[in-house]
Amino acid sequence: MTRVVSTTPGLYPLPDWAKDDLSDLKGHQKENLVDGDEDPQTRDAYQRARTEVIERQQAAGLDRVVEGQLRWDDMLAHPLAVHDSVETRGIVRYYDNNNFYREPVVTGDLDADGDVAAELEAAADLVDEGLQAVLPGPYSLADLATDEHYGDEAAFLDAVAEFLAGEVATFPEVETLFLLEPSLVENAPGDGTDERASEAIDAVATATDADVVLQPYWGALEEKVHAHVLDTDVDALGYDLVSEPDANVYNVQEYGTKEDVALGLVDGQNTLVESAETITERIDWFTEQVPAQDFETVYATANTELFYLPVNKFEAKLDALGAVERAEVTA
């Protein structure tokens, strides 16, 4: 019997009341987005919203609870967008969808600044067990940014990895760290860069004693990229069974995978709510396709961030994921 752990990749939609309150507090312009120096009223509003989404995950019965990343106006670019050595410039499209973020332009040394650690410290006060950290993976974060300081693509990726590892080292105790790496699919690294990307992932993964889950999404990894990430020290590798189930299964059939996997079973961008039974069936389908694999843990999760959804649909998907642990799942 495979242990199923219900969780999410974070980046939640703000509660409706918080959208209204924060719009009044922050304003409506690009320069009013979160910059790491919020006033006390804004910090209080985010804390109340953080408490609400944490309690909602707990009510849903999730095994891992995330902070929610409600301050991440720039989505996965957030850790750089609030950094003192980064200038935020024009608005650019966030991957292939209708969301936009401020382009983070790195103009100085990237030292750990404790922004994400501070969010986790606030969450840790509300979570007795099962706290999960969420970060962009180093390849995706470098891909979303522009370098005007390091002057070399490899050096920049190394610097981003070192920055994230430094941030991880200041985290409170967490059970799990999810590294979100959509750029490994959306802008797959070529020869040489694929190996450097894996080394960068290793640098972050080895900075914590928590279980590290690497989650690519919006498709399947190219075969060579998949092979490289299997050589990293992450504990689990993610597979997006919403967007490209067959291609992801093929990678596992042909090349194997880790003893633990994270399965993107719930669509983070579609308002259709999956039932707990449907989620369980998708887990069973995946394990049946790869009978040679004997998984210790399956992380049952959404395939992408969840901020795309209306709050009521987001909450319904939390409930469905939370119910999976009470269903019988075979391996």
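Further up the page is the structure itself.
Residues numbered from 1 in each chain as written. Predicted model: local features only at pLDDT ≥ 70, side-chain atom pairs only at ≥ 80, totals over all residues. Heavy atoms only, no water.

## Concerning the pattern of salt bridges
To keep it simple, the criterion reads: Note on definitions: salt bridges are taken to be side-chain nitrogens of Lys or Arg within 4 Å of carboxyl oxygens of Asp or Glu. Per the convention used, a helix needs a DSSP run of H or I reaching at least four residues, while a strand needs a run of E reaching at least two, with both numbered from the N terminus. Relative accessibility under 20% of the residue-type maximum defines a buried residue, over 50% an exposed one, and the middle range a partly exposed one, all with a 1.4 Å probe and only protein chains included.
Under the defined criterion, the tally for this structure stands at 16 salt bridges. Among the ionic pairs, Glu315 bridges to Arg56, the shortest N-O distance being 3.8 Å. In this pair, Glu315 is assigned in helix H12 (residues 311-324) and Arg56 in helix H2 (residues 40-60), connecting sequence segments 259 residues apart. With relative accessibility at 22%, the residue Arg56 sits in the partly exposed group. One salt bridge connects Arg102 with Asp74, and the closest N-O pair in it is separated by 2.5 Å. Separated by 28 residues along the polypeptide, Arg102 in strand E4 (residues 100-106) and Asp74 in the loop between strand E2 (65-66) and helix H3 (78-81) bring together distant segments of the chain. For the residue pair Arg102 and Asp74, the accessibility class agrees, reading buried in each case.

## So, the environment of Thr304
Here is the rule we go by: A contact between two residues is defined here by any heavy atoms of the two lying within 4.5 Å.
Looking at where Thr304 falls in the secondary structure, it is placed in the loop between strand E11 (297-302) and H12. Classification of Thr304 by relative accessible area gives buried; the value is 0%. Distance from Thr304 to Ala112, taken between C-alpha atoms, is 26 Å for residues 192 residues apart in sequence. Once residues within four sequence positions are removed from consideration, Thr304 is found in contact with Pro9, Tyr217, Trp218, Gly268 and Gln269.

## A short note on the pairing of strand E9 (residues 236-240)
What counts, and what does not: Note on pairing: two strands pair once DSSP finds at least 2 bridges between them. We call a crossover right-handed when, viewed with the strands running away from us, the connection from the first strand over the helix to the second turns clockwise.
E9 sits mainly inside the fold: five of its five residues count as buried. Bridge count between strand E8 (residues 211-215) and E9: two bridges; the pairing is parallel. Bridge pairing links Val213 to Ala236 in E9. Between E8 and its parallel partner E9, the chain crosses via helix H9 (residues 223-230), and the hand of that crossover is right-handed. Looking at chain direction, E9 and strand E10 (residues 260-266) are connected through five bridges and run parallel. Following the sheet pairing, Leu237 is matched in E10 by Val261.

## A closer look at the sheet that holds strand E6 (residues 146-147)
With mixed pairing, three strands are arranged side by side in an open sheet as E3-E4-E6. Each edge of the sheet is formed by a strand with only one pairing partner; in this case those strands are strand E3 (86-93) and E6. The pairing of E4 with E6 spans two bridges and is classified as parallel. Note on E6: the bridge partner recorded for Val106 is Asp147.

## A closer look at unusual backbone geometry
Even without being a glycine, Leu11 presents a positive backbone phi close to 55°. Along the polypeptide, Leu11 turns up in the loop between strand E1 (3-6) and helix H1 (16-26). Taking relative accessible area as the criterion, Leu11 reaches 2% and is therefore assigned buried. Notably, Met75 is not glycine yet its phi reads approximately 50°, a positive angle.

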